[in-house]
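# Observations on the model geometry
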4 protein chains.
Amino acid sequence: MSLKPAAEGLRTHLFHIIFESNTPAAKSFDIALIVAILAGTAAIMLDSVPAYHQRFAALFGYVEWTLTVVFTLELAARIYCLERPSLYLKSFYGLVDIVAILPAWLVLIIPGSQGLVIVRLLRVLRIFRILRLMEFVGEAQLLMDAIRRSIRQILLFFVSILMVVTLFAALMYTIEPAEAGFSSIPRSVYWAIVSMTTVGYGDIVPVTALGQAITVLLMLLGYSIIAVPTGVFSAQVIRSIRADRYSDEACPGCGHDRHEKGAYYCLLCGTWLDEYSEDPRQAEEVEDDAPSPKG
Amino acid sequence: MSLKPAAEGLRTHLFHIIFESNTPAAKSFDIALIVAILAGTAAIMLDSVPAYHQRFAALFGYVEWTLTVVFTLELAARIYCLERPSLYLKSFYGLVDIVAILPAWLVLIIPGSQGLVIVRLLRVLRIFRILRLMEFVGEAQLLMDAIRRSIRQILLFFVSILMVVTLFAALMYTIEPAEAGFSSIPRSVYWAIVSMTTVGYGDIVPVTALGQAITVLLMLLGYSIIAVPTGVFSAQVIRSIRADRYSDEACPGCGHDRHEKGAYYCLLCGTWLDEYSEDPRQAEEVEDDAPSPKG
Amino acid sequence: MSLKPAAEGLRTHLFHIIFESNTPAAKSFDIALIVAILAGTAAIMLDSVPAYHQRFAALFGYVEWTLTVVFTLELAARIYCLERPSLYLKSFYGLVDIVAILPAWLVLIIPGSQGLVIVRLLRVLRIFRILRLMEFVGEAQLLMDAIRRSIRQILLFFVSILMVVTLFAALMYTIEPAEAGFSSIPRSVYWAIVSMTTVGYGDIVPVTALGQAITVLLMLLGYSIIAVPTGVFSAQVIRSIRADRYSDEACPGCGHDRHEKGAYYCLLCGTWLDEYSEDPRQAEEVEDDAPSPKG
Amino acid sequence: MSLKPAAEGLRTHLFHIIFESNTPAAKSFDIALIVAILAGTAAIMLDSVPAYHQRFAALFGYVEWTLTVVFTLELAARIYCLERPSLYLKSFYGLVDIVAILPAWLVLIIPGSQGLVIVRLLRVLRIFRILRLMEFVGEAQLLMDAIRRSIRQILLFFVSILMVVTLFAALMYTIEPAEAGFSSIPRSVYWAIVSMTTVGYGDIVPVTALGQAITVLLMLLGYSIIAVPTGVFSAQVIRSIRADRYSDEACPGCGHDRHEKGAYYCLLCGTWLDEYSEDPRQAEEVEDDAPSPKG
């Protein structure tokens, strides 16, 4: 009986530590989690280096298992302190949590294949949640706003690019010899994207004069149209930043409608801007006037 | 006799489906067309891969022929439901439609050459029309506006770049040995553009110390002047987006129709713009005038 | 005696054709000049290709000599129709004109060396003058304004980059083996700039794990700080574009100071903006009032 | 006794020359220092070229020792003319000063190792101090402001990029054969960053069709998300430049000191801002009040 409230207190306490980030305990928890995730990621990455695998395989296995146990306990704690854990488990971060520990446990049943490496690394996505909890909320919000508003233009831009790339690739496939690497249209598309994005590996390069002339056009195109997504996105970021500098409401006095947020008086005519409260100056004047009838 | 109006109704009905995009039937038609175009493009591209060509040539040929018949029927339907089909056939999209089906039919007469591949792929340009019909009108409009307004500056920029590239190329042709790849000025121009656009294939690289020093200048130039088209285009996108800031309504006095939103008086003739309220100045004047008759 | 004014008329006539660009004759002259310059440039470039040189050397020589004579006559005409030709010859475009014809004449005395190729190509710079005369004045002005205003920030940016590049280069010179191409600090600087500008030829690449880790830092730096000149320049272009949209003067009525150029009335209070003339509306009202005393 | 003030005068004099930059003597000192630093840097860099080292080792050693002595004397002068030299020596520029001369002196004790080259080159950082003293203060301030305000968004952007890169690298490590260079996850991460930043050395390239398809995604991602830091930074530079739009003067009523230029009334307390003229509202009120005593 007396245990119930204590448990309830523990759950609330845990909830604050695990899901929030404004107490010292919660912050320490977040940092510990980031360290654990980074350590786990480093172990997986280094384990893939043959030289390190031979010498430190046992250590990496130990790190991996410790972290799997820790993350399993953490997930258990998350489930424990939530009222509707099933909703959480179906959310994006819930799925990432499960994915982060499942592969390790699966290896106990099915001997681990290399292919699971990528699944285990999905764990790094958990860092996003922690950043979201911490101080980057405003920044992420602003970037997301700008991306959401520019996504359609940028999509349209990509569809256009893919068409251009397809036509250039088909042209080069027709012109260049197969020995130079242009052995099929898909390979030519790969080359065209390598060239237009200005990556330029050099594994496939044009060898004929005509092919090089067409390549010059493609490169100049790629070099200059990067301006399109950049321009669109810049404009949207500027809008996002400005949006939280100015209020939308117009001055009831002169109608000027670009007042900085936090402005109380119109910068052009000095009218009190807040229609839901009284101008303190007016109130003052009334007070000032108040003694005058006495006189 | 009674058939005429029915045919008329069919034509109107077809017109709405084929040329518009705001009914469920028209939307399904657009999506089906996009799927058909993408399938045809995929078939052409995969057919160019030797391994797939050997195994699936018959399938790709079947897809190609089916689509040719489908696109021919579609073009026939377009011609049927337009009042002046010849105008359409001479328009950009009409030409693309013809080009999209002609090569396949030509192969019946002249056995198909690989060179036609690029012509058949021109079909992807049809996707633009569909996108234009669908929801990307506003986005495309905005991008086009910004491109149109910045095109002259960007052209000027390109002319300047080509001059700089020519001079750098001639310089490197003089300095670097022909064995390093700088065997002629046109090849040096190709190298200079590969370097300045930051593509950097590495098929031609400077080998002398002086050549490398000049290359450093060229690369730093290329790296920084990308700012020019990007800056110009960003500025124009911002202006396009801000154009929303202008209200659509025309001045009742002089008809000027680009007033900033929030404007109360026409900037050209000083007329009060808001038709739903009275001009405070007028009101004032009336008040001012009011006592005068009394006097 | 009667010849003098005729000669004067010819000089004036020539001056309008050669130095201006607003009559049909002057425009034809500009276009002919651009064609001649491009033809000459093409001849020089193609002459450098061994295969073409063998077959068309005579043709290229003919083009070169014809153009040399044409440009010499043109320069003579320029000198003839100017009042102070020595000033012109010392100006930038005058020097380019001399440089464009001198090498060909020098060859008559000193048998031509390949090194003069670059000097003869300097002729392309003459295209700038023609563009300046033609319709690109406004565009060039705007770009120049923006470049001039951002040049100091971009210079500061380059000095910073060169310091960073020097330190990275020295670090890589210490870490990487000479066989990988890092055989001296100047070569490492070349590599560092190839990497940081994202050109990436691949002629020198890091081979040690530590070197690759440092390269990753350098590439991420190069990838992101391109934002600096782009941002600075974008901001300046935006300012240039905006500068010719708004007038500087404030409304004498309410003080609002961002009126579009061409505005006659304040958009906030409807006051007549031009202090040097009378508000036509006032005048009208006076007229309207005029009959009132009669009543 | 009489020596003290003279010494004091010398110290003040030295201080103005060394630490400031607004007298001709101070400017000459700054320029001499930049020349000395650049000469020293050039000597170190050229000394690393084997061919030059053999022939000019003595000259480079002479330059190095002369500069070491000069910089030592300069540091002594700095210490001499400061009141609290220990504070200076612990500052960033103080440390750079020590680092710039220490290695050369250390070589007298411990025979110099090549590793010290990078330490000696740290000397170039001193150029920053001189630039700061000279005319670039405003420019640097503006860039720094913009960088400081965008740093959080750009950090968030980099964390996201590193996660994406890690996942792509693990995926390619699983797909591509080790022979193509994808022999471990860290190497794949190196490749992924080389590709995403559009550097594209070409030392590691995908060889399987699936790997190339994934590479296409990575390159398109890298090509387009460069828009993110550029957009954020552009927006911040624009804001910095626009900050000029604010007047410096504080409100006489409440002390608020960021009013847009052209503001007449304080946006916080509605006080009339222009101290050289009268508030038209007050004037009006006075007029309004004027008749009241009469009544």
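None of these values were measured; they are calculated from a predicted model.

This paragraph deals with the confidence of the model for chain A. Residue and element names in this part refer to chain A. Per-residue pLDDT for chain A has a mean of 78; in total, 75% of the residues score no lower than 70. Summarising per-element confidence for chain A, the mean pLDDT is lowest in helix 13 (residues 291–294) (42) and highest in helix 9 (residues 185–196) (94). Low pLDDT, under 50, characterises residues 286–295; the predicted model gives this stretch zero contacts beyond four residues in sequence or across chains. Interface confidence for the predicted complex, expressed as ipTM, amounts to 0.77; the pTM equals 0.81.

Moving on: the domain arrangement of chain A. Domain annotation of chain A identifies domain 1 (3–136) and domain 2 (140–247). Measuring from the centre of the C-alpha atoms in domain 1 of chain A to the corresponding centre in domain 2 of chain A gives 37 Å.

Residues and elements named next belong to chain A. Here the UniProt-annotated "transmembrane region" (unreviewed entry) positions come out as residues 31–49, 56–80, 92–122, 154–175 and 213–235. Annotation note: span residues 31–49, helix share 89%, strand share 0%, distance between end C-alpha atoms 27 Å. Between the first and last C-alpha atoms of residues 56–80 the distance is 36 Å; the span itself is 100% helix and 0% strand.

Tallied over the entire structure, the rule returns 14 salt bridges over all chains. The shortest N-O distance in the salt bridge between Asp145(A) and Arg148(A) comes to 2.8 Å. Separated by three residues within a single helix, Asp145(A) and Arg148(A) lie in helix 8 (residues 137–175), roughly one turn from each other. A single network of salt bridges, built from pairs that share partners, joins Glu74(B), Arg78(B), Asp97(B) and Arg126(B).

Further remarks concern empty space enclosed by the protein. Space left empty within the atom packing is revealed by a probe, the size of a water molecule, rolled over the atoms. Considering all chains together, one arrives at three cavities of 30 Å³ or more under this definition. Empty space within the largest cavity amounts to approximately 310 Å³. Contributing to the lining of the largest cavity are 24 residues, with Ile226(A), Ile226(B), Ile226(C), Thr198(D) and Ile226(D) lying nearest its centre. Elements represented by at least two residues in the lining of the largest cavity include exactly helix 10 (209–225) of chain A, helix 10 (209–225) of chain B, helix 10 (209–225) of chain C together with helix 10 (209–225) of chain D.

Right, let's get into a nonpolar patch on the surface. All names here are of chain A. There is a patch of nonpolar side chains on the surface, built from Trp65, Val69, Leu73, Leu102, Trp105, Leu106, Leu108 and Ile109 and spanning about 770 Å² of accessible area. For the nonpolar patch, the elements supplying multiple residues, two or more each, are helix 3 (50–81) and helix 5 (92–109). Counting residues per element, the nonpolar patch draws most heavily on helix 5, which supplies five residues. Along the chain, the position of Trp105 falls in helix 5.

Another point: the packing of helix 10 of chain A against helix 9 (residues 185–196) of chain B. Running from N to C, helix 10 of chain A and helix 9 of chain B point in directions that differ by 25°, and their axes come no closer than 10 Å. The orientation of helix 10 of chain A with respect to helix 9 of chain B, classified from their angle, is roughly parallel. Seen from above, helix 10 of chain A lies across helix 9 of chain B with left-handed handedness. Of helix 9 of chain B, the residues touching helix 10 of chain A (which contributes Gln212(A), Thr215(A), Val216(A), Met219(A), Leu220(A) and Tyr223(A)) are Arg187(B), Tyr190(B), Ile193(B), Val194(B) and Met196(B).

With that settled, consider the nonpolar core. Counting 290 residues, the largest nonpolar core has Ile185(A), Ile185(B), Ile185(C) and Ile185(D) as the members making the most contacts within it. Residues in contact with Ile185(B), not counting those within four places in the same chain, are Ala169(B), Ala170(B), Tyr173(B), Ile44(C), Met45(C), Ser48(C), Val117(C) and Leu121(C).

Moving on, we get to helix 5 (residues 92–109) of chain D. Residues spaced three or four apart along an α-helix face the same direction, because each turn holds 3.6 residues. Residues and elements named next belong to chain D. If you check helix 5, its first and last C-alpha atoms are 26 Å apart, about what 18 residues at 1.5 Å a residue would give, namely 26 Å. Helix geometry: helix 5 is bent most strongly at Leu102, by close to 35°, with proline Pro103 lying one to four residues after it. For helix 5, the full list of buried residues reads Tyr93, Gly94, Val96, Asp97, Ala100, Ile101, Pro103 and Ala104.

The next subject is helix 3 of chain A. By the largest-angle criterion, Phe56(A) marks the main kink of helix 3 of chain A, which is about 80°. Along helix 3 of chain A, the residues that are buried comprise Phe60(A), Glu64(A), Leu67(A), Thr68(A), Phe71(A), Glu74(A), Leu75(A), Ala77(A), Arg78(A) and Cys81(A).

The tally for this structure, following the rule as stated, stands at 16 aromatic pairs over all chains. Taken together, a centroid distance of 6.2 Å and an interplanar angle of 70° make the contact between Phe56(A) and Phe60(A) edge-to-face. Here Phe56(A) pairs with Phe60(A), and both are found in helix 3, just four residues apart, close to one helical turn. Ring geometry for Tyr52(C) against Phe56(C): centres 6.2 Å apart, planes inclined by 45°, an arrangement best described as tilted. One end of the pair, Tyr52(C), and the other, Phe56(C), are both in helix 3 (residues 50–81), four residues apart, so they sit about a helical turn from each other. Taken together through their ring pairs, the aromatic side chains of Tyr52(A), Phe56(A) and Phe60(A) make up a single cluster. One residue, Arg126(B), lies across the ring of Phe71(B), its end atom 4.9 Å from the ring centre. It is Arg11(D) that lies over the ring of Tyr80(D); its NZ or CZ is 5.9 Å from the centre.

Moving on to the packing of helix 3 (residues 50–81) of chain B against helix 5 (residues 92–109) of chain B. Residue and element names in this part refer to chain B. The interhelical angle for the contact between helix 3 and helix 5, taken along N-to-C directions, is 130°, at an axis separation of 9 Å. On the basis of the axis angle, helix 3 is oblique to helix 5. Seen along the crossing, helix 3 lies across helix 5 with a hand that is left-handed. For the pair formed by helix 3 and helix 5, the contact residues are Glu64, Trp65, Thr68, Phe71, Thr72, Leu75 and Arg78 on the first element and Asp97, Ile98, Ile101, Ala104, Trp105 and Leu108 on the second. For the contact of helix 3 with helix 5, the residue count by class is eight nonpolar, two polar and three charged.

Our next topic: the side chain of Arg126(B). Residue and element names in this part refer to chain B. Within the secondary structure layout, Arg126 lies in helix 7 (residues 126–133). Assessed through its relative accessible area of 2%, Arg126 is described here as buried. In terms of polar contacts, Arg126 uses its side chain to reach the side chain of Asp97, at 2.7 Å. Arg126 has contacts with Ile37, Phe71, Glu74, Arg78, Val96, Asp97 and Ala100, leaving out every residue within four places of it along the chain.

With that out of the way, let us pick up unusual backbone geometry. Residues and elements named next belong to chain A. Residues other than glycine seldom take positive phi values, yet Thr198 does so here, at roughly 65°. Examined against the element boundaries, Thr198 turns out to sit in the loop between helix 9 and helix 10. By relative accessible area, which is 7% here, Thr198 ends up buried.

Okay, the side chain of Thr68(A) next. You can see Thr68(A) is positioned in helix 3. Residue contacts for Thr68(A): discarding those within four places in its chain leaves Ile101(A), Ala104(A), Trp105(A) and Arg123(A).

Residue and element names in this part refer to chain A. Take Ser28: it is sitting in helix 2 (residues 24–47). Judged by relative accessible area, Ser28 falls into the partly exposed class, the value being 45%. A sequence separation of 11 residues divides Ser28 from Ile17, and the C-alpha atoms of the two residues are 8.8 Å apart.

What counts and what doesn't
Residues numbered from 1 in each chain as written. Chains lettered and ligands numbered in written order. Predicted model: local features only at pLDDT ≥ 70, side-chain atom pairs only at ≥ 80, totals over all residues. Heavy atoms only, no water. pLDDT = per-residue confidence, 0-100. Helix = DSSP H or I, 4+ residues; strand = E, 2+ residues; numbered from the N terminus. Contact = heavy atoms within 4.5 Å. Domains from an automatic or database assignment. UniProt positions renumbered as here; feature names shortened; annotations may be inferred. Salt bridge = Lys/Arg side-chain N within 4 Å of Asp/Glu carboxyl O. 1 Å grid on protein atoms, 1.4 Å probe; cavity = no way out; pocket = protein on both sides within 12 Å on 5 of 7 lines; lining within 4 Å. Points joined across faces, edges and corners; volume = space filled by probe spheres on them. Patch = residues over 30% accessible without salt bridge, like charges linked within 9 Å, V, L, I, M, F, W, Y side chains within 5 Å. Areas by Shrake-Rupley, 256 points an atom, 1.4 Å probe, with all protein chains shown as cover. Axes fitted to C-alpha atoms, helices over the stretch in contact; angles between N-to-C directions. Parallel < 35°, antiparallel > 145°, perpendicular 65-115°, else oblique. Left-handed = near helix turned anticlockwise from the far one by under 90°. Core = buried A, V, L, I, M, F, W, Y, C linked by side-chain atoms within 4.5 Å. Buried < 20%, exposed > 50% of the residue type's maximum accessible area, 1.4 Å probe, protein only. Expected span 1.5 Å × (residues − 1). Bend = angle between axes of the 7 residues up to and from the residue. Phe/Tyr/Trp six-rings, centres within 6.5 Å; stacked < 30°, edge-to-face > 60°. Lys NZ or Arg CZ within 6 Å of the ring centre and 35° of its normal. Nonpolar A, V, L, I, M, F, W, Y, C, P; charged D, E, K, R; others polar. Polar contact = N/O pair within 3.5 Å; in protein donor to acceptor, adjacent residues only side chain to side chain.

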